[in-house]
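# Architecture and fold: a report
For reference, the chains in residue letters:
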Number of protein chains: 2
Amino acid sequence: MADKIFRVNMTDLTASVEEVPAAWAAHGGRGLTSTIVAAEVLPTCHPLGPNNKIVFAPGLLSGTIAANSGRLSIGAKSPLTGTIKESNAGGTASALLARAGCKALIIEGQPKEDKWYSLALTPDGVMINEETELIGKGNFAVVEALATRLEGKPGIITIGQAGEMRMSAANVSIKDPDGGLRSSGRGGLGAVLGSKKVKFITIDPKDGKVVIAKPDAFKEANRVFAKALVDHPVSQALGQYGTNVLVNIINESGGLPTRNFTQGQFEGHDSISGETMHDTIEQRGGRVKHNCHPGCVIQCSQVFNDAKGKKMTSGFEYESIWAMGADCCVDDLDKIAEADRLMDDIGVDTIETSVAMGVAMQAGVLSFGDGAGVCRILKEEVAKGTGLGRIIGNGAGSVGRAYGVTRVPVVKNQAIPAYDPRAIKGIGITYATSTQGADHTMGYTIATNILNVGGKVDPLTKEGQVELSRNLQIATAAIDSTGMCLFIAFAALDDEKCLPALIDLINARYDLSLTADDVVNLGKYILKTERAFNTAAGFTAMDDRLPEFFYNEKLPPHNVVFDFTGEEIDTFWDF
Amino acid sequence: MADKIFRVNMTDLTASVEEVPAAWAAHGGRGLTSTIVAAEVLPTCHPLGPNNKIVFAPGLLSGTIAANSGRLSIGAKSPLTGTIKESNAGGTASALLARAGCKALIIEGQPKEDKWYSLALTPDGVMINEETELIGKGNFAVVEALATRLEGKPGIITIGQAGEMRMSAANVSIKDPDGGLRSSGRGGLGAVLGSKKVKFITIDPKDGKVVIAKPDAFKEANRVFAKALVDHPVSQALGQYGTNVLVNIINESGGLPTRNFTQGQFEGHDSISGETMHDTIEQRGGRVKHNCHPGCVIQCSQVFNDAKGKKMTSGFEYESIWAMGADCCVDDLDKIAEADRLMDDIGVDTIETSVAMGVAMQAGVLSFGDGAGVCRILKEEVAKGTGLGRIIGNGAGSVGRAYGVTRVPVVKNQAIPAYDPRAIKGIGITYATSTQGADHTMGYTIATNILNVGGKVDPLTKEGQVELSRNLQIATAAIDSTGMCLFIAFAALDDEKCLPALIDLINARYDLSLTADDVVNLGKYILKTERAFNTAAGFTAMDDRLPEFFYNEKLPPHNVVFDFTGEEIDTFWDF
């Protein structure tokens, strides 16, 4: 089936299926969402108004048997950052959209009446249905209700109460193969979907299949590619301990942001580490390995049960555990898991919301370490949209402004993730320069700063960090276009067969002859397209800076500050 | 007594009296606060951190007998807008500071301990005293307690609970001659003073006097100047009906922003008009005329009593009455007066806070017209710093972000005042281009657009508006440096003797020979100095824009939008 653009106009409640414009044909995933947003969204528009659009695009390899190809990119102008935004996640939707012949789904406009809707996407197009039953419900209730309401195993994309209330920390949730949730967490894309009055989207490809131009070449390339992935030691560690393998590693480095970014090590790190999590899961009969989308060979997800053996959460990530753990000083995995489940259900980004809680603790709203207080606020305030709930649900910057806090770890108003840029300087360059606000996944220098993947760049010195971040951001933008999980990057950086195999996959899928240079050029094009959007929205180099306290407050144990000048940071864009 | 710079460092709790640097000698009021902030404050600093400074400067003529010369300028980097900020108000402090030989008071740093302080300024310097009794108290309680605690009639500068809580709508209050309050309302300067942990400042000049270089020339110039003021019909209307004379006038023009900026006329305008206020005051035994500072010959302030004849509020301004009245649809002067008194007591800007209430009404937090609800929120939420109270107390932009509202009337995050820029286009240029966020007092085109002062520029067409705003902004910056109330501008625009007399006053005070060109150049210097600060803080032309809805939503009854292109707006800076 030929790929098409599926377009839904929520102002007049119409839907259409369109040919793919030539300029979009070579793109997928992030490359496509950013191209479409840049082409069709006025950069100065209000992110929650009728002139914003939200775009869903499977990657170039999504829907195929290629290992780890199931990431779905979602793009829009972000209500959190005001920048262009792409956030991708696993789940089944990406493959199903690709199989339905949908190259991108664009939702535009805004209903005039105060009614809610759902969208049902099939190869024939999109049906727009009024929805009442599930309005006000959390994500788990949506997934459960739809399992009963619908036949088969449709893909489900949904928002919780936070998205309905247009909170800037609202994520978009995507059903995984087992009815769990994966989150396009960053940048408040759930609020954009909520502003369109779309509660959920179901995807049924019927008998649609992705056509591979050269099936044999594709299979062979996938064999080489998958082998490179499973052979890499970081892949293996991720499978064993999940992403949470990082707690002890980053703590050891002195770059684990703790107590709202005032320390680089957390005294309670052992209680929340990947090793402890692994043992706890085994004791309670959960699953140490779990794939967030079909075809994943790394399986960094897991199923974490409570003490009674009941499933508490899946996809229990390092970022969530760090943020609620070290940053909020909650040294209790069960409490963190409870908070994680609540955040997934309400539909808020676990990074943004947990860092917001840390700032709230700094402000005295609750005490550091008060995991029960966090859960109460999530249930009683955020989910219900009280004043405090709105403050938290709009992210860390919102809490800082509400309470007059000066130590607010955000860049472009987006919360800084689990690596302190004072002790791991490369990631500071990524936070500062990313077109998307602070986001480790945009150029994961931790690989080279800490994990010795792709070489070694000392995390504590300035030398080489800008170049490292630049190369990784360019490569990441390209990878984010393929539908591939970012964790293929470890193998791609160390195993010389990996990247060629990935390119072979794309060439075999589409009958192309792309080279490694084409991939680099794609990455550069994406970054420059995104930056041009931000410039037109009013962003300048002055926005590519870390908050003042990183320059003025020394981080123990290394007692270091972030010491890049503005001019040094700005050389990032010399390409 | 020679003028000096009084400097207080709150980090090490020291104070000093310094000679005036040559570059600052010719400046006063806004010219001086902006010069000092630009010279000493890092533009990228956090407004509530130790690197911001707050500067208090009497005008060039403050402390003399010159009519209407009692405005005090307060400057800092604003926590509301992120720009440089000057906000001036009446009261007795400006004259008393000048008489104490204080050209400017600079407060810098931030205490390391969580303690509160007061400052006592005399000609000898500043004493820093720990304060406990009045912490958590409203402004009226502070003024009342100090009347008992201190001898004489010291000047008092104070913050309410909002300033203590570092809310971005927090104002700085200045005692008037009768123990009432005047407010440096805009831009959250109260939060900056609160961040320095200074609850109040008392000023006792002892027997200090301002020295006039040429007393006879000064007296003669003042006679001409004062006559020009009292003779002007707008001055007379202001004396009769207060600034609230404008309700019916602006309503008639179709530019009275109503129901959160969705209409240009308010059906309840008669109930809240200056005429109704005047009659109500007379019936209840209040005062129709009242001066906010000694020497004012216009006397636009008044004392408004409740139905039982008890004083409710003074300085009951058009802006406050419009914002709580038309914009929130509260058609009850008594309810508005109650809210006004509460806002003065808590210490929040009545424009910012009332517009914030209008946005909250739009969001459904309370209903349009619910004056009792507004008072409840002020008392129970804002004064106590609850979640909702923080959202409101941080201004209209804060409410918009918290509730995902797209119709949020702010520029550079500061609430737009009482003139809709769609129906009165000149003021839209001022809102957009002002270095301080939306602020009518920065270039009051209403004079010429509506009141036919200084000529006539049709409010509904684009022609001539940029030039009008430019000329007025330049003139205003200069006037704001003199200590003069902006209301001298009506006479200055229409009476050819007025401006020369003002220049004569300055020349006689300091033995100078300034010309009208010097005054214009001063205004230009101030605007450019302020803009350079903002540019260094990261602002660009893209910030000189009105919110999207002004371009897309037609305002009844004229059914007009704001239709200046960005390029047209940017020509403002061609000077």
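The structure reproduced in this document is the subject of the present report. Note that the coordinates shown come from a computational prediction; the quantities given were computed from them, not determined experimentally.

What counts and what doesn't
Residues numbered from 1 in each chain as written. Chains lettered and ligands numbered in written order. Predicted model: local features only at pLDDT ≥ 70, side-chain atom pairs only at ≥ 80, totals over all residues. Heavy atoms only, no water. Contact = heavy atoms within 4.5 Å. Buried area = accessible area lost by both parts, 1.4 Å probe. Salt bridge = Lys/Arg side-chain N within 4 Å of Asp/Glu carboxyl O. Helix = DSSP H or I, 4+ residues; strand = E, 2+ residues; numbered from the N terminus. Nonpolar A, V, L, I, M, F, W, Y, C, P; charged D, E, K, R; others polar. Buried < 20%, exposed > 50% of the residue type's maximum accessible area, 1.4 Å probe, protein only. Pairing = 2+ DSSP bridges. Axes fitted to C-alpha atoms, helices over the stretch in contact; angles between N-to-C directions. 1 Å grid on protein atoms, 1.4 Å probe; cavity = no way out; pocket = protein on both sides within 12 Å on 5 of 7 lines; lining within 4 Å. Points joined across faces, edges and corners; volume = space filled by probe spheres on them. Least-squares fit on C-alpha atoms with pLDDT ≥ 70 in both. Parallel < 35°, antiparallel > 145°, perpendicular 65-115°, else oblique. Left-handed = near helix turned anticlockwise from the far one by under 90°. Patch = residues over 30% accessible without salt bridge, like charges linked within 9 Å, V, L, I, M, F, W, Y side chains within 5 Å. Areas by Shrake-Rupley, 256 points an atom, 1.4 Å probe, with all protein chains shown as cover. Lys, Arg positive; Asp, Glu negative; His and termini not counted. Charge placed at Lys NZ, Arg CZ, Asp CG, Glu CD.

The partner chain B presents 26 residues to the 26 residues of chain A that form the contact. Together, the buried faces of chain A and chain B total about 2,100 Å²; carbon and sulfur atoms form 51% of this surface. It is A:Tyr403, A:Met542 and A:Glu548 in chain A that bury the most area against chain B; as a group they hold 24% of the surface buried on that side. Between the two partners, chain A and chain B, sit zero salt bridges. Listing elements by their share of the side of chain A that touches chain B, those giving two or more residues are helix H14 (387-393) and helix H15 (396-403) of chain A. The leading source of residues in the side of chain A that touches chain B is H14(A), at four residues. Grouping the amino acids of the side of chain A that touches chain B by side-chain chemistry returns eleven nonpolar, eleven polar and four charged.

Residues and elements named next belong to chain A. With nine of its nine residues buried, helix H16 (residues 425-433) lies for the most part within the structure. Residues of H16 that are buried: Lys425, Gly426, Ile427, Gly428, Ile429, Thr430, Tyr431, Ala432 and Thr433. Contacts from the buried residues of H16 go to strand E16 (410-411), helix H17 (446-449), helix H18 (465-479) and helix H23 (566-570).

Glancing now at the sheet that holds strand E15 (residues 311-314) of chain B. Residue and element names in this part refer to chain B. If you trace the three strands from one edge of the open sheet to the other, you get E13-E14-E15, paired in antiparallel fashion. Every interior strand has two partners, whereas the edge strands, strand E13 (287-290) and E15, have only one. Averaged over neighbouring strand pairs, the angle between their axes works out to 25° when direction is ignored. The pairing of strand E14 (residues 301-305) with E15 spans three bridges and is antiparallel. Bridge pairing in E15 links Val303 to Ser314.

To continue, consider the sheet that holds strand E15 (residues 311-314) of chain A. Residues and elements named next belong to chain A. Spatially, three strands are ordered E13-E14-E15 in an open sheet, and the strand pairing comes out antiparallel. Looking at which strands have only one partner, the edges of the open sheet turn out to be strand E13 (287-290) and E15. Neighbour-to-neighbour, the strand axes of this sheet turn through a mean angle of 25°, independent of strand direction. Against the sheet, helix H9 (residues 274-284) touches E13 and strand E14 (301-305), its axis set at about 60° to E14.

Turning our eyes to something else, we now look at empty space enclosed by the protein. Residues and elements named next belong to chain B. Scanning the entire structure with this criterion turns up six cavities of 30 Å³ or more. Looking at the largest cavity, its volume works out to about 860 Å³. Forming the boundary of the largest cavity are 46 residues, of which Arg71, Arg182, Ser183, Glu317 and Thr441 lie nearest the centre. At the level of secondary structure, the elements contributing two or more residues to the lining of the largest cavity comprise strand E5 (84-89), strand E11 (181-184), helix H10 (318-327), helix H11 (333-346) and helix H12 (350-362). Top element by residues in the lining of the largest cavity is E5. It accounts for four residues. Each residue belonging to the lining of the largest cavity can be placed in one class, and the counts come to 16 nonpolar, 19 polar and eleven charged.

Turning our eyes to something else, we now look at the side chain of B:Thr350. All names here are of chain B. Tracing the backbone through its elements, the reader meets Thr350 in helix H12. Judged by relative accessible area, which is 11%, Thr350 ranks as buried. Not counting the four nearest positions on each side in its chain, Thr350 is found in contact with Ser320, Ala323, Asp340, Met343 and Asp344.

It is worth spelling out the relation of the copies chain A and chain B at this point. With an RMSD of 0.0 Å, the operation that places chain A on chain B is a rotation of 180° combined with a shift of 0.0 Å along the axis. Such a combination of turn and shift is consistent with a two-fold rotation axis. Among all residues of chain A, the minimum C-alpha distance to the rotation axis is found for A:Gly387, at 2.2 Å. A symmetric contact is evident, with 100% of the interface residues of chain A recurring at the interface of chain B.

Residues and elements named next belong to chain B. Judged by how many residues are buried, helix H8 (residues 246-253) sits mostly within the fold: six of eight residues are covered. Buried within H8 we find Leu246, Val247, Asn248, Ile250, Asn251 and Ser253. Buried residues along H8 sit in contact with helix H9 (274-284), H10 and helix H17 (446-449). Of the residues trailing H8, Gly254 is marked for its positive phi of about 80°.

This brings us to the packing of H12(B) against helix H15 (residues 396-403) of chain B. Residue and element names in this part refer to chain B. Axis separation between H12 and H15 bottoms out at 7 Å; the angle between their running directions is 20°. Taken together, the axes of H12 and H15 are roughly parallel relative to one another. For the element pair H12 and H15, the recorded crossing hand is right-handed. Residues Glu352, Val355, Ala356, Val359 and Ala360 of H12 pack against Ala396, Gly397, Val399 and Gly400 of H15.

Following A:Pro556, the chain continues to A:Pro557 via a peptide bond in cis, the omega torsion being 5°. We note that B:Gln299 has phi near 60°; this positive angle belongs to a residue other than glycine. Inspection of the secondary structure puts B:Gln299 in the loop between E13 and E14. The partly exposed category is assigned to B:Gln299, whose relative accessible area is 23%. At B:Asp511, a residue that is not glycine, the phi angle is positive and equals roughly 60°.

All right, on to the environment of B:Leu522 then. Residue and element names in this part refer to chain B. Relative to the helices and strands, Leu522 is located in helix H21 (residues 516-536). We classify Leu522 as buried; its relative accessible area is 19%. Separated by 93 residues in sequence, Leu522 and Ile429 place their C-alpha atoms 21 Å apart. For Leu522, the contacting residues outside a window of four places in its chain are His27, Ala478 and Ser481.

Let us look at the pairing of strand E11 (residues 181-184) of chain A. In this structure, strand E10 (residues 172-175) of chain A lies alongside E11(A), joined through four bridges in antiparallel fashion. The partner of A:Ile174 across the bridge, within E11(A), is A:Arg182.

What follows concerns a positive patch on the surface. Side chains of A:Lys308, A:Lys310, A:Lys311 and A:Arg341 sit close together on the surface and give a patch of like positive charge. With respect to the element layout, A:Lys311 can be found in strand E15.

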